[in-house]
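What follows is each chain in one-letter form.
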Amino acid sequence: MDQVFIRGLEVQAVIGAYDWERTIRQRLVLDLEMDWDIRPAAADDDLTLALDYAAVSQRVLDYVSASSFELVETLADRLATLIMEEFSVPGLRLVITKPGAVPEARRGVGVIIERGRSRA
Ligand SMILES: Nc1nc2c(c(=O)[nH]1)N=C([C@H](O)[C@@H](O)CO)CN2
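Residues numbered from 1 in each chain as written. Predicted model: local features only at pLDDT ≥ 70, side-chain atom pairs only at ≥ 80, totals over all residues.

Looking now at the environment of Met-1. Position of Met-1 relative to the elements: it lies in the segment before strand 1 (3-15). Under the C-beta neighbour-count criterion, Met-1 is labelled exposed, with 10 such atoms within 10 Å. With 37 residues separating them along the chain, Met-1 and Ile-38 place their C-alpha atoms 9.0 Å apart. (Helix = DSSP H or I, 4+ residues; strand = E, 2+ residues; numbered from the N terminus. Buried ≥ 20, exposed ≤ 12 C-beta atoms within 10 Å, placed from the backbone.)

Feature annotation in UniProt places "domain: Dihydroneopterin aldolase/epimerase" (unreviewed entry) on residues 4-115, given in this structure's numbering. End C-alpha atoms of residues 4-115 are separated by 15 Å, and the span's content is 32% helix alongside 34% strand. (UniProt positions renumbered as here; feature names shortened; annotations may be inferred.)

This part covers the packing of helix 2 (residues 53-66) against helix 3 (residues 72-87). Where helix 2 meets helix 3, the axes come as close as 11 Å, and the angle between the chain directions of the two elements is 140°. With respect to helix 3, the axis of helix 2 lies oblique. As helix 2 runs across helix 3, the sense of the crossing is right-handed. Touching Val-56, Arg-59, Val-60, Tyr-63 and Val-64 of helix 2 are Leu-75, Leu-79, Leu-82, Ile-83, Glu-86 and Phe-87, all from helix 3. Partitioning the contact of helix 2 with helix 3 into residue classes produces 9 nonpolar, no polar and 2 charged. (Axes fitted to C-alpha atoms, helices over the stretch in contact; angles between N-to-C directions. Parallel < 35°, antiparallel > 145°, perpendicular 65-115°, else oblique. Left-handed = near helix turned anticlockwise from the far one by under 90°. Contact = placed C-beta atoms within 7 Å. Nonpolar A, V, L, I, M, F, W, Y, C, P; charged D, E, K, R; others polar.)

Attention shifts here to the environment of Ile-113. Checked against the element boundaries, Ile-113 lands in strand 5 (residues 109-115). Considering only alpha carbons, one finds Ile-113 and Thr-97, 16 residues apart in sequence, at a separation of 12 Å. Setting aside anything within four residues of it in sequence, one finds Ile-113 in contact with Ala-76, Asp-77, Ala-80 and Leu-94.

We now examine the site of the ligand. Neighbouring the ligand are Gly-16, Ala-17, Tyr-18, Glu-21, Leu-71, Val-72, Glu-73, Lys-98 and Ala-101. The residue inventory of the shell around the ligand, partitioned by class, reads 5 nonpolar, 1 polar and 3 charged. (Near = placed C-beta within 6 Å.)

Right, dumping it as C-alpha coordinates:
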(Lines give C-alpha, C1' and ligand atoms only; values in the text may rest on other atoms or scores of the structure.)
Protein backbone atom coordinates (compact mmCIF):
# COMPACT_ATOMS: atom_id res chain seq x y z
CA MET A 1 0.00 0.00 0.00
CA ASP A 2 1.21 3.51 -0.75
CA GLN A 3 1.80 5.81 2.18
CA VAL A 4 1.61 9.49 2.99
CA PHE A 5 3.97 10.44 5.80
CA ILE A 6 4.59 13.22 8.29
CA ARG A 7 7.95 13.12 10.07
CA GLY A 8 9.25 15.04 13.05
CA LEU A 9 6.05 16.90 13.85
CA GLU A 10 6.84 18.80 17.06
CA VAL A 11 4.16 19.84 19.51
CA GLN A 12 3.96 20.84 23.17
CA ALA A 13 1.42 19.09 25.37
CA VAL A 14 0.48 18.34 28.93
CA ILE A 15 1.64 14.71 29.12
CA GLY A 16 2.84 12.67 32.03
CA ALA A 17 1.88 10.50 34.97
CA TYR A 18 3.58 12.48 37.75
CA ASP A 19 2.19 15.49 39.60
CA TRP A 20 4.95 17.81 38.40
CA GLU A 21 4.16 16.90 34.80
CA ARG A 22 0.56 18.02 35.13
CA THR A 23 1.63 21.66 35.52
CA ILE A 24 3.96 21.99 32.53
CA ARG A 25 3.95 21.44 28.79
CA GLN A 26 6.50 19.02 27.29
CA ARG A 27 7.76 18.55 23.79
CA LEU A 28 6.58 15.56 21.79
CA VAL A 29 7.75 14.51 18.33
CA LEU A 30 5.36 12.57 16.11
CA ASP A 31 6.10 10.44 13.07
CA LEU A 32 3.14 9.23 11.08
CA GLU A 33 2.85 6.87 8.11
CA MET A 34 -0.67 6.60 6.68
CA ASP A 35 -1.82 4.00 4.17
CA TRP A 36 -3.31 5.67 1.11
CA ASP A 37 -3.69 4.73 -2.53
CA ILE A 38 -2.07 7.71 -4.23
CA ARG A 39 -2.98 6.64 -7.78
CA PRO A 40 -6.34 8.50 -8.10
CA ALA A 41 -4.75 11.78 -6.97
CA ALA A 42 -1.74 11.22 -9.22
CA ALA A 43 -3.88 10.33 -12.25
CA ASP A 44 -5.89 13.57 -12.02
CA ASP A 45 -3.17 15.67 -10.34
CA ASP A 46 -5.87 16.64 -7.86
CA LEU A 47 -5.32 17.51 -4.18
CA THR A 48 -8.94 16.72 -3.33
CA LEU A 49 -8.17 13.06 -4.11
CA ALA A 50 -5.01 13.07 -2.03
CA LEU A 51 -4.56 12.61 1.69
CA ASP A 52 -3.63 16.21 2.49
CA TYR A 53 -0.59 15.99 4.79
CA ALA A 54 -0.92 19.68 5.66
CA ALA A 55 -4.52 19.19 6.81
CA VAL A 56 -3.61 16.10 8.82
CA SER A 57 -0.64 17.90 10.38
CA GLN A 58 -2.80 20.84 11.48
CA ARG A 59 -5.46 18.56 12.97
CA VAL A 60 -2.81 16.59 14.86
CA LEU A 61 -1.20 19.79 16.17
CA ASP A 62 -4.59 21.14 17.31
CA TYR A 63 -5.56 17.88 19.02
CA VAL A 64 -2.27 17.14 20.75
CA SER A 65 -1.68 20.70 21.97
CA ALA A 66 -5.14 20.66 23.59
CA SER A 67 -4.76 17.16 25.06
CA SER A 68 -3.88 16.29 28.65
CA PHE A 69 -3.15 12.58 29.07
CA GLU A 70 -0.92 10.78 31.55
CA LEU A 71 0.43 8.14 29.16
CA VAL A 72 1.83 8.46 25.68
CA GLU A 73 -0.01 5.20 25.00
CA THR A 74 -3.36 6.91 25.57
CA LEU A 75 -2.48 9.83 23.34
CA ALA A 76 -1.26 7.52 20.59
CA ASP A 77 -4.36 5.35 20.67
CA ARG A 78 -6.80 8.29 20.65
CA LEU A 79 -4.89 10.07 17.92
CA ALA A 80 -4.79 7.01 15.69
CA THR A 81 -8.56 6.59 15.99
CA LEU A 82 -9.13 10.27 15.24
CA ILE A 83 -6.97 10.24 12.10
CA MET A 84 -8.54 7.06 10.77
CA GLU A 85 -12.08 8.31 11.34
CA GLU A 86 -11.73 11.92 10.25
CA PHE A 87 -9.52 11.35 7.20
CA SER A 88 -10.75 7.89 6.15
CA VAL A 89 -7.26 6.46 6.58
CA PRO A 90 -7.47 2.65 6.50
CA GLY A 91 -4.24 1.95 8.35
CA LEU A 92 -1.35 3.75 9.97
CA ARG A 93 1.84 3.58 11.97
CA LEU A 94 2.37 6.24 14.61
CA VAL A 95 5.51 6.92 16.63
CA ILE A 96 5.32 9.30 19.57
CA THR A 97 8.66 10.28 21.05
CA LYS A 98 8.96 12.10 24.39
CA PRO A 99 12.48 13.45 24.07
CA GLY A 100 13.02 14.80 27.58
CA ALA A 101 11.54 11.97 29.62
CA VAL A 102 14.74 9.96 30.11
CA PRO A 103 17.74 12.26 29.67
CA GLU A 104 20.10 9.34 29.17
CA ALA A 105 18.01 8.10 26.23
CA ARG A 106 19.61 10.37 23.65
CA ARG A 107 17.05 9.75 20.92
CA GLY A 108 14.05 9.70 23.22
CA VAL A 109 11.52 7.23 24.57
CA GLY A 110 7.94 6.61 23.57
CA VAL A 111 5.60 4.28 21.75
CA ILE A 112 5.08 2.86 18.28
CA ILE A 113 1.61 1.70 17.29
CA GLU A 114 0.04 0.28 14.16
CA ARG A 115 -3.69 0.27 13.52
CA GLY A 116 -5.79 -1.12 10.70
CA ARG A 117 -3.02 -3.20 9.22
CA SER A 118 -3.27 -6.95 8.93
CA ARG A 119 -0.37 -8.91 10.30
CA ALA A 120 1.43 -10.78 7.47
N1 LIG B 1 5.23 3.17 28.79
C2 LIG B 1 5.27 4.37 29.45
N3 LIG B 1 6.13 4.55 30.45
C4 LIG B 1 6.16 5.72 31.07
C5 LIG B 1 5.32 6.77 30.70
C6 LIG B 1 4.42 6.56 29.63
O7 LIG B 1 3.62 7.44 29.21
N8 LIG B 1 4.43 5.34 29.02
N9 LIG B 1 5.40 7.97 31.34
C10 LIG B 1 6.24 8.16 32.34
C11 LIG B 1 6.37 9.48 32.96
O12 LIG B 1 5.32 10.36 32.65
C13 LIG B 1 7.72 10.00 32.49
O14 LIG B 1 7.65 10.40 31.13
C15 LIG B 1 8.27 11.09 33.35
O16 LIG B 1 9.63 11.30 33.08
C17 LIG B 1 7.12 7.12 32.85
N18 LIG B 1 7.03 5.89 32.10
